[in-house]
Amino acid sequence: MKISDVIADMILDMFDDDTPTVQIQRNDLAAQIGCVPSQINYVITSRFTPEQGYRIESRRGGGGCIMITRASTKENAIVSLIKAIGSSISEKNAKAHIYNLNYHGLISDRAGKMMMAVISDNSYKGLGDDIKDKIRAQQLKQMLLAYID
């Protein structure tokens, strides 16, 4: 089993049905597992993402900690992603989000295909990259909002 899998499993085991949020001391967890703290960061940023239904909050000072909150419903997971998108998104990142939403069962195959078509660079021919990315972010957010209504 990979160290990344061990870390992810330990974090998932910290969640229970009553508490959707866990607080992690990165250095303590790294010492417990026997890895470097940056490995904890890698697992958190790659496996506990908004499109997978998690919100990450980092608190500094006093030893610092990382708070991971699990969305309780599909709708909450999609709303978390909408908030994380920001004002601009590249085609590559937008496609990755849509793929992950579909992979985790948060959107249907059909919805994923339609969203992929809309956010494709082919839909924005003749526009500069900065404008494309801003429009793409707005359209992706609107499609996700429409999906949860």
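The shown structure was predicted, so the numbers you read here are calculated from the model rather than taken from an experiment.

1. Here's the deal with the sheet that holds strand 1 (residues 21–24)
1) Next: Spatially, 1-3-2 is the arrangement adopted by the 3 strands of the open sheet, whose pairing is antiparallel. The open sheet has two free edges, formed respectively by strand 1 and strand 2 (54–59), since each of these has just one partner strand. Recorded for the sheet is a direction-independent mean angle of 20° between the axes of neighbouring strands.
2) Next: With 6 bridges joining them, strand 2 and strand 3 (residues 65–70) adopt antiparallel strand pairing. Among the inter-strand pairings, S58 is bridged to a residue of strand 3, identified as I66.
3) Next: The strands touched by helix 3 (residues 37–47) are strand 1, strand 2 and strand 3; relative to strand 3, the strand with the most contacts, the crossing angle is about 25°.

2. Some points on the pairing of strand 3
1) Next: Counting buried positions along strand 3 gives 5 out of 6 residues, so the element sits mostly inside the fold.
2) Next: Note that strand 1 and strand 3 share 4 bridges and pair antiparallel. Residue pairing in the sheet places I24 in a bridge with I66 of strand 3.

Cut-offs used in this document
Residues numbered from 1 in each chain as written. Predicted model: local features only at pLDDT ≥ 70, side-chain atom pairs only at ≥ 80, totals over all residues. Heavy atoms only, no water. Pairing = 2+ DSSP bridges. Helix = DSSP H or I, 4+ residues; strand = E, 2+ residues; numbered from the N terminus. Axes fitted to C-alpha atoms, helices over the stretch in contact; angles between N-to-C directions. Contact = heavy atoms within 4.5 Å. Buried < 20%, exposed > 50% of the residue type's maximum accessible area, 1.4 Å probe, protein only.

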